[in-house]
Amino acid sequence: MEKDPVVPHYWHRRNEVLPSFYNYCHEKGKVCLEARKLTLRFGGITALDGVSFHVQQGEIHAIVGPNGAGKSSLLNCISGLYRPQQGEILVRGQDLVGLSPDKISMLGLGRTFQRLALFKGMTVLENIFVGRHSFIRAGLLAGAFYWGKGVREDIRNQAMVEEIIEFLEIEHLRNVPVGELSYGLQKRVELGRALALEPAVLLLDEPVAGMNLEEKEDMARFILDVKEDLGLAVVLIEHELDMVMDISDRVTVMNFGRVIGEGQPAQVVQIPEVVAAYVGAEGQRPA
Amino acid sequence: MRSGYFKVDYRRDRELFPLFIERLVLAVAVVAAIILPLITDRYLLHLTNLTMIAIVGAIGLNLLMGYTGQVSLGHAAFLAIGGYTTAIVAGYLPQLPFPVVILIAGAVTSVTGLLAAVPAFRLKGLYLALSTLAFYYIVMFIILKAEPLTGGAMGRHIPELNFFGLELDGEYAFYPVGLAIVVLGLVLAKNLLRTKTGRAWKAIRDWDLAAEAMGVNLRMYKTLSFTTGAFYAGVAGSLYAYYIGFISPQDFTFTVSVNYIAMVIVGGMGTLAGTVAGAAFITMLPNWINQLAGYLQSLWPAFQASTAVPYLERLFFGLAIVLFLIFEPEGLFGLWKSLRNYLVMWPFRY
Ligand SMILES: Nc1ncnc2c1ncn2[C@@H]1O[C@H](COP(=O)(O)OP(=O)(O)OP(=O)(O)O)[C@@H](O)[C@H]1O
Ligand SMILES: [Mg+2]
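First, a word on what this report is: a plain description of the structure on this page. Only a predicted model underlies this, so the values are computations on that prediction, with no experimental measurement involved. (Residues numbered from 1 in each chain as written. Chains lettered and ligands numbered in written order. Predicted model: local features only at pLDDT ≥ 70, side-chain atom pairs only at ≥ 80, totals over all residues. Heavy atoms only, no water.)

1. Considerations on the overall build of chain B
No. 1: Of the regular secondary structure elements, chain B holds 14 helices and four strands.
No. 2: Over its C-alpha trace chain B gives a radius of gyration of 21 Å, about what one expects of a compact globule, namely 20 Å for 350 residues.
No. 3: Referenced to the eigenvectors of the C-alpha coordinate spread, the extents of chain B come out at roughly 60 × 55 × 45 Å.
No. 4: Buried positions account for 53% of the 350 residues belonging to chain B.
No. 5: Residue pairs at least 24 apart in sequence account for 77% of intrachain contacts in chain B once pairs closer than 6 positions are excluded. (Helix = DSSP H or I, 4+ residues; strand = E, 2+ residues; numbered from the N terminus. Rg over C-alpha atoms; globule rule 2.2 N^0.38 Å. Buried < 20%, exposed > 50% of the residue type's maximum accessible area, 1.4 Å probe, protein only. Contact = heavy atoms within 4.5 Å.)

Shown next as structure tokens:
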């Protein structure tokens, strides 16, 4: 795996604990993810139609839009689950299109899913531990004989997992199978799992959908903490504009697979097309 | 949520047996394993030896099916490859120490596991199961046709276990060998499961796309699961060949694959302790059925025990699988878990 040109050279240094987060996240305002003219079709449906947008380091970038606007499709293209027919996705100058999702995750892109996608048969600790996968080099034999460097490496990575568990305030649940947790807590574990990848960009697909108010507030706080304490860029897909207005720095509005508006939250809601999309699709005015 | 105990130091849950009750059971098992050959008759020891062989093979299937979620109907093919490799290697090089032969058998089998893994890159569930079935029939076809090497339908003899000139023969000599390999097999599997590889397997089982998004290379880890599972099966096949001393395609029928699946399901998918129990249960079952049939015949002379036994066997196997799937999907291990939690909490209910 060392020789893989896809893995950035500093990747192995990311093996240490939290502080290494900052190493490449400190250049605030720099473009760290860019999509250019993405087009994605499913048979007759055009899910993405020439979508371009970019994310800057250290910002919360919201993507909003009505049902079926193509928000999740965009995220799935970025993380490699879908392959766009046209366009490119650049991370530090490298085109991601065509790379497998596991390679893309190593480039510093962590994600959560719209529908819960936790590992049901595993505990909270194990779920987050899976996020450390690429940071552990000891393979099958070192694991089977459980000796020496491999064990120390595993324990070091567990320390990182424990830090994330603490950060998310779920210490008391660490050994609970995730299936037993409430929906809101499961979403929180999913966030933790993505954080374990030490991403530079965090992609969150509707992290607060279906939550009650308290859970929503908790999640919003964690997302803000992630941005401020860890300096990550966050791409936040949201259905409703309300929460987006409160916590995001920039917003991209999509409808029918196209970007129909982009800018700061307060400006975006002034754009006539955006207003029309929201009134048309949901019969409600954006907040 | 349970509140019966808390672990303060997180390193403690890296221990293999964190609970006192688990250590107690382990201690009892160790003592039982030591005194067993002293107190049992030869027949029971024979069944125990077969159980130990089954445990090794079932660990392999559980890694693949219970932990990685890749259904395999072809386990008997891996056992056969292990068995025939042993017959051939030990046949041509009788002076080779048996641990070396067993390792070679495991290694050869795990290479064939690579082939069986390829369909899993694209197929899942039922379709994957069918591809493993095809793998099974191809392997058995080759074994039947490769007569000069395998003896074809006539089968092949295997020399005694040879350890630097020392020949180990019979139930009593095999017992410590089998036990050592079972313990080693369990420990290695347990270690695998609590490190990177095992976590990746379980992640693939639970949600493959999410696993991939977490950096798990699906092809690589599915392949590793197949090769590791095949390795265990190869070792089991090798032990079987050594122990019985003669193998033919009759020893590796499709029923054998089904029996191994039954062991994993009855014991509990995704639990090693359950695998031990499931392997013992399924290995002992024919014996119990025999006794039952004999008893029925003594009650009711018209009952033909000898003709009824094969049918009864199938009936009970089917029943065991179906009943466990319906009532205790976690298998025998699930039953134990409830009991253990009850004991840990005792006398409090929560
Ligand atoms: N795997 C797929 N196969 C076929 N069509 C798809 C697939 N994924 C998405 N689509 C289609 O692409 C369009 C965009 O869907 P997408 O899930 O990206 O919307 P969204 O903005 O995330 O909507 P929501 O708010 O409901 O999550 C929809 O018309 C959808 O039916
Ligand atoms: Mg969506």
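2. Some thoughts on the coordination of the magnesium ion (ligand 2)
No. 1: For the magnesium ion (ligand 2), the full set of protein donor atoms is A:Ser72 (OG) and A:Gln114 (OE1), and the range of their distances to it is 1.9 to 2.1 Å. Of this pair, A:Ser72 sits in helix α1 (residues 71–78) while A:Gln114 sits in the loop between β6 (109–111) and α3 (124–130); the two residues are 42 residues apart in sequence, bridging distant segments of the chain. (Donors = N, O, S within 2.8 Å, 3.2 Å for Na, K, Ca; no water.)

3. Here we look at the site of ligand 1
Residue and element names in this part refer to chain A.
No. 1: Surveying the vicinity of ligand 1 reveals 15 residues, the closest of which are Asn 67, Lys 71, Ser 72, Ser 73 and Gln 114.
No. 2: Gly 68 is positioned with one of its backbone polar atoms (N or O) 2.9 Å from an oxygen atom of ligand 1.
No. 3: Ser 72 has a polar side-chain atom sitting 2.7 Å from an oxygen atom of ligand 1.
No. 4: Here ligand 1 loses 67% of its free accessible area of 630 Å² to cover by the protein chains.
No. 5: Within the residue set of the shell around ligand 1, elements represented by two or more residues are β2 (45–56) and α1.
No. 6: Each residue belonging to the shell around ligand 1 can be placed in one class, and the counts come to six nonpolar, seven polar and two charged. (Near = heavy atom within 4 Å. Polar contact = N/O pair within 3.5 Å; in protein donor to acceptor, adjacent residues only side chain to side chain. Areas by Shrake-Rupley, 256 points an atom, 1.4 Å probe, with all protein chains shown as cover. Nonpolar A, V, L, I, M, F, W, Y, C, P; charged D, E, K, R; others polar.)

4. Considerations on empty space enclosed by the protein
No. 1: Applying the stated criterion across every chain yields a total of four cavities of 30 Å³ or more.
No. 2: Roughly 60 Å³ of internal volume is contained in the largest cavity.
No. 3: When residues of the lining of the largest cavity are traced back to their parent elements, those giving at least two are α4 (140–145) and α5 (148–167) of chain A together with α8 (196–206) of chain B.
No. 4: Considering every element that reaches the lining of the largest cavity, the biggest residue donor is α5(A), with three residues.
No. 5: Of the residues belonging to the lining of the largest cavity, the class tally is five nonpolar, five polar and two charged. (1 Å grid on protein atoms, 1.4 Å probe; cavity = no way out; pocket = protein on both sides within 12 Å on 5 of 7 lines; lining within 4 Å. Points joined across faces, edges and corners; volume = space filled by probe spheres on them.)

5. Quick word on the side chain of A:Ser79
Residue and element names in this part refer to chain A.
No. 1: Looking at the element boundaries, Ser 79 is found in the loop between α1 and β4 (86–91).
No. 2: On the accessibility criterion, Ser 79 (6% relative accessible area) is buried.
No. 3: Reaching out from Ser 79, the side chain makes a polar contact with the side chain of Arg 111 at a distance of 2.8 Å.
No. 4: Setting aside anything within four residues of it in sequence, one finds Ser 79 in contact with Pro 101, Ile 104, Arg 111 and Leu 203.

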